[in-house]
Amino acid sequence: MTEPEVEAADTILRRHEVQYVVVGGQAIGKTIRATGDVDVMVTATDYADTIAALQSDEDLEFQWEDQGVARFAMRLVGGEFLDVLNSSKFTGSREGGKFFIFLLEEESTKRDGIRYATAAAVWYTRLMIPRWRHYSDKILQDLLGGVGAGRMRRVVEIAQRFGTAETLRKRVAYVRAEMRRPDLEYVLERE
Amino acid sequence: MKMVSELVRSGEANRLPRVFVPVDVRHRGRPPTLYRLRADTESDVEAARRYGLPLFLLTPEWVTAHGYPEHFRPLLFVWEGLAGKVSSSAYSRVHVRDRDALRSPGFEEVLTFLLKVDMLAARELARRNVGKFDPNELYRRVRNEGMEERATKVRLQEFVPGLPTVGEPFPKADLDWAERNAPATPEVR
């Protein structure tokens, strides 16, 4: 079943013929956190046009744009946020649109007509942003919700593919150390 | 060294609620029957608490009621001595070192529990409740749980004077950003 916030975002983005992938907590069904925010990624070439188009949509209220993320409040669902991410921020040494194509072709699944990133791709995007520390607990919450810790191995593979392994090295080590905390009860898959 | 425990029926417990599931039935003259606790609902948790078991269900309603609207699946905080003896199809389990903190947890105890799983929410909750809690009690609870490092990351020392700094705090600018983007305190009508 599609969450109402995702449905609202989908309605708006379809109206503007934007191709997108849901990449935030809404993409991870098992997390303990039920977020109302919807994070979507668009390809680097579409980002500027998408932001311009959404700014004129009467169902949205533009909040801010910073470091390749634009935030809108969705009037249809009580002001929950729609964050639009520019895929070029995650593509590392490769050409801007490559990460988005990778998401579409290899690291996402379609449910009810909406494309959702895999848990590994969501974790990768969380760890790639400058404020990654904010999202490290969200990864722990996903684990508590039942997402397998082994996904972190896939995060490293994605980083190697896009030449971002060095950026992520310390960040992945940090999260892995947190994953081993004895006070959190979940099955720690072999990595 | 780690203290471990078993769940066994005490003399005064004549009829046990269904949350106590026998796992190792013994006969007269043998060692007592061992039990596991199965907590799938809030009333299961309440039933177990009535029997004095050290566990607490943290709900989004509690966090929201203290000024920070949150949506999450309730989390079951369990004394670490019962680790592996509590199962649930509904709640993830987080262990608590200090059994006493689970007896009748107030704001300071619950904030410390929250610190284990969502440091930014814990900081925001402390910030929004300055003057309403006892910093000395929060200091004691954070130290009892060994959460100084996570407390330091979110600079909880700003609200708990004297709390030891362990490790590196998150950049202040990042915490300010989180504060600006945190959900607003719900209006009380």
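Parameters and conventions
- Residues numbered from 1 in each chain as written.
- Chains lettered and ligands numbered in written order.
- Predicted model: local features only at pLDDT ≥ 70, side-chain atom pairs only at ≥ 80, totals over all residues.
- Helix = DSSP H or I, 4+ residues; strand = E, 2+ residues; numbered from the N terminus.
- Buried ≥ 20, exposed ≤ 12 C-beta atoms within 10 Å, placed from the backbone.
- Contact = placed C-beta atoms within 7 Å.
- pLDDT = per-residue confidence, 0-100.
- Pairing = 2+ DSSP bridges.
- Expected span 1.5 Å × (residues − 1).
- Domains from an automatic or database assignment.
- Axes fitted to C-alpha atoms, helices over the stretch in contact; angles between N-to-C directions.
- Parallel < 35°, antiparallel > 145°, perpendicular 65-115°, else oblique.
- Nonpolar A, V, L, I, M, F, W, Y, C, P; charged D, E, K, R; others polar.

1. Remarks on the overall build of chain B
Step number 1: Counting its regular elements, chain B contains seven helices and seven strands.
Step number 2: Along chain B, helices and strands appear, N-terminal first, in the series β-β-β-α-β-α-β-β-β-α-α-α-α-α.
Step number 3: Looking at chain B as a whole, 36% of its 189 residues are labelled buried.
Step number 4: Considering only residue pairs separated by 6 or more positions, chain B has 51% of its internal contacts joining residues 24 or more positions apart.

2. Here's the deal with the confidence of the model for chain B
Step number 1: In the predicted model, chain B carries a mean pLDDT of 88, and 85% of its residues have values of at least 70.
Step number 2: Confidence, read as mean pLDDT per element, is least for strand 1 (residues 7-8) of chain B in chain B (65) and greatest for helix 5 (residues 135-144) of chain B (98).

3. Regarding the interface of chain B and chain A
Step number 1: Taken together, the contact pairs 19 residues of chain B with 17 residues of chain A.
Step number 2: Elements with a contribution of two residues or more to the side of chain B that touches chain A: strand 7 (92-96), helix 3 (107-117), helix 4 (119-128) and helix 7 (172-181) of chain B.
Step number 3: Among the elements that make up the side of chain B that touches chain A, the one with the highest residue count is strand 7 of chain B (four residues).
Step number 4: For strand 8 (residues 184-185) of chain A and strand 7 of chain B, the ladder comprises two bridges, and the chain directions are antiparallel.

4. Some words on the sheet that holds strand 8 of chain A
In a beta sheet, neighbouring strands are held together by backbone hydrogen bonds and run either parallel or antiparallel to one another.
Step number 1: As summarised here, the arrangement of the four strands in space is 8(A)-7(B)-5(B)-4(B), forming an open sheet in which the pairing is mixed. Only two strands of the sheet have a single partner each, and these edge strands are strand 8 of chain A together with strand 4 (55-58) of chain B.
Step number 2: Of the pairings in the sheet, the one linking strand 4 of chain B to strand 5 (residues 75-79) of chain B comprises four bridges and is antiparallel in character. Across the sheet, Leu55(B) pairs through a bridge with Val78(B), a residue of strand 5 of chain B.

5. Concerning the pairing of strand 7 (residues 114-117) of chain A
All names here are of chain A.
Step number 1: The sheet contact formed by strand 6 (residues 108-111) and strand 7 spans four bridges and is antiparallel. Note on strand 7: the bridge partner recorded for Arg 111 is Ile 114.
Step number 2: Taking the residues that link successive antiparallel strands as the turn, the strand 6-strand 7 hairpin has two residues, and the phi of Asp 112 there is positive, at about 50 degrees.

6. Details of helix 2 (residues 44-55) of chain A
Given 3.6 residues per helical turn, the α-helix brings residues three or four places apart onto the same face.
Step number 1: Over its twelve residues, helix 2 of chain A runs 18 Å from end to end, which matches the ideal 16 Å to within 8%, given 1.5 Å per residue.
Step number 2: On the buried face of helix 2 of chain A, the contacting elements are strand 2 (38-42), strand 3 (60-66), strand 4 (69-74) and strand 5 (80-86) of chain A.

7. What to know about the domain arrangement of chain B
Step number 1: Here the domain parsing of chain B yields domain 1 (1-54 + 68-96) and domain 2 (106-177).
Step number 2: Put simply, the parts of the chain that give the side of domain 1 of chain B that touches domain 2 of chain B at least two residues each are strand 5 and strand 7 of chain B.

8. Looking at the packing of helix 3 of chain B against helix 4 of chain B
All names here are of chain B.
Step number 1: In the contact formed by helix 3 and helix 4, the axes pass within 6 Å of each other and the chain directions differ by 150 degrees. On the basis of their axis angle, the class for helix 3 and helix 4 is roughly antiparallel. Contact with helix 3, carried on its side by Leu 111, Leu 114 and Leu 115, involves Met 119, Ala 121, Ala 122, Leu 125 and Ala 126 of helix 4 and no other residues of that element.
Step number 2: Tallied by class, the residues present in the contact of helix 3 with helix 4 amount to eight nonpolar, no polar and no charged.

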